Amino acid sequence: MAKIQFKNKAHRDFVFENLEKCRHNDCYHQAFFYVMGISEETRMNIGRMFDFKNDCIVPEGIYGGWQTSGTVKVCHLAFNLWNGFTEEGKENLFTPDELFCCGYAPYFMEGIKLRYPEYCRDLTPPKRKDMER
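Residues numbered from 1 in each chain as written. Predicted model: local features only at pLDDT ≥ 70, side-chain atom pairs only at ≥ 80, totals over all residues. Heavy atoms only, no water.

**Comments concerning the packing of aromatic side chains**
By convention here, two paired aromatic rings are described through the distance between centres and the angle between planes. In plain terms, the rule: Put simply, two rings from Phe, Tyr or Trp (the six-membered ring, in Trp's case) pair if the centres are within 6.5 Å, and we call them stacked under 30 degrees between planes, edge-to-face over 60, tilted for the rest. Secondary structure elements are defined from DSSP: runs of H or I of at least 4 residues count as helices, runs of E of at least 2 residues count as strands, and each element is numbered from the N terminus. Relative accessibility under 20% of the residue-type maximum defines a buried residue, over 50% an exposed one, and the middle range a partly exposed one, all with a 1.4 Å probe and only protein chains included.
Inspection of every chain in the model, using the stated rule, returns 15 aromatic pairs. Considering the side-chain rings of Phe 6 and Phe 16, the 6.1 Å spacing of their centres and the 50 degrees angle between planes classify their relative orientation as tilted. Here Phe 6, found in the segment before helix H1 (9-21), pairs with Phe 16, found in helix H1; they are 10 residues apart in sequence, far enough to count as distant. Of the residues examined, Phe 6 reaches a relative accessible area of 19% and is grouped as buried. Taking the centre distance of 5.5 Å and the plane angle of 55 degrees together, the rings of Phe 6 and Tyr 34 count as tilted.

**A few points about the nonpolar core**
Spelled out, the test is: In these notes, a set of buried Ala, Val, Leu, Ile, Met, Phe, Trp, Tyr and Cys residues joined through side-chain atoms within 4.5 Å is what counts as a nonpolar core. Any two residues whose heavy atoms approach within 4.5 Å are treated as being in contact.
Phe 32, Phe 33, Tyr 34, Val 35, Met 36 and Phe 50 are the most contacted members of the largest nonpolar core, which totals 33 residues. Looking at this core, the elements with two or more residues in it are H1, helix H2 (27-36), helix H4 (46-49), helix H5 (69-83) and helix H7 (105-115). Considering every element that reaches this core, the biggest residue donor is H5, with 7 residues. Apart from the residues within four sequence positions on either side, Tyr 34 is in contact with Ile 4, Gln 5, Phe 6, His 11, Val 15, Tyr 107, Glu 110, Gly 111 and Leu 114.

**Some thoughts on the packing of H2 against H5**
Axis angle and axis distance: for two packed helices, these are the angle between their axes and the distance between the axes, and together they describe the pair. Worth spelling out the cut-off: Every axis corresponds to a line fitted to the C-alpha atoms, with the helix fit spanning only the stretch in contact, and the corresponding angles, defined between N-to-C directions, vary from 0 to 180 degrees. For classification purposes, an angle smaller than 35 degrees is called roughly parallel, one larger than 145 roughly antiparallel, one from 65 to 115 roughly perpendicular, and anything else oblique. Charged residues are taken to be Asp, Glu, Lys and Arg, nonpolar residues to be Ala, Val, Leu, Ile, Met, Phe, Trp, Tyr, Cys and Pro, and polar residues to be all remaining types, Gly included.
The contact between H2 and H5 brings their axes to 9 Å, and the two run at 180 degrees. Classed by the angle they form, the pair H2 and H5 counts as roughly antiparallel. Taken together, the residues of H5 that come into contact with H2 (itself represented by Tyr 28, His 29, Ala 31, Phe 32, Val 35 and Met 36) are Val 74, Cys 75, Leu 77, Ala 78, Phe 79, Leu 81 and Trp 82. Looking at the contact of H2 with H5, its residues break down into 12 nonpolar, 1 polar and no charged.

These results come straight from atomic positions and should not be treated as a statement about function.
Below, the structure is given as structure tokens:
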């Protein structure tokens, strides 16, 4: 998680505090708590979105009265990164077009990097000696 950019100190602290509460510190947990920590509202309501005792997401939390259009996007991406979750009949709300059309998009990309580190590596092209002058 060294190269990952956090929105602010509260975001960073949230991620590490919640990872300590879990039995596992794998790419699923890292991506989930990273994405859920982007918004202050989702940080404050994490207990409604994640069951720490059973180590699982709580999809019903999406319908909480505290949710906004932005926090719903946060939850949708976090849930999808956790286990591929999409809500039956509302799969279109989990598409990149729907999710990334917000100010959280740069942080969403960081969450994807955490979940799929083997695929999201540095794409800087190597220097080719035959191209030097």
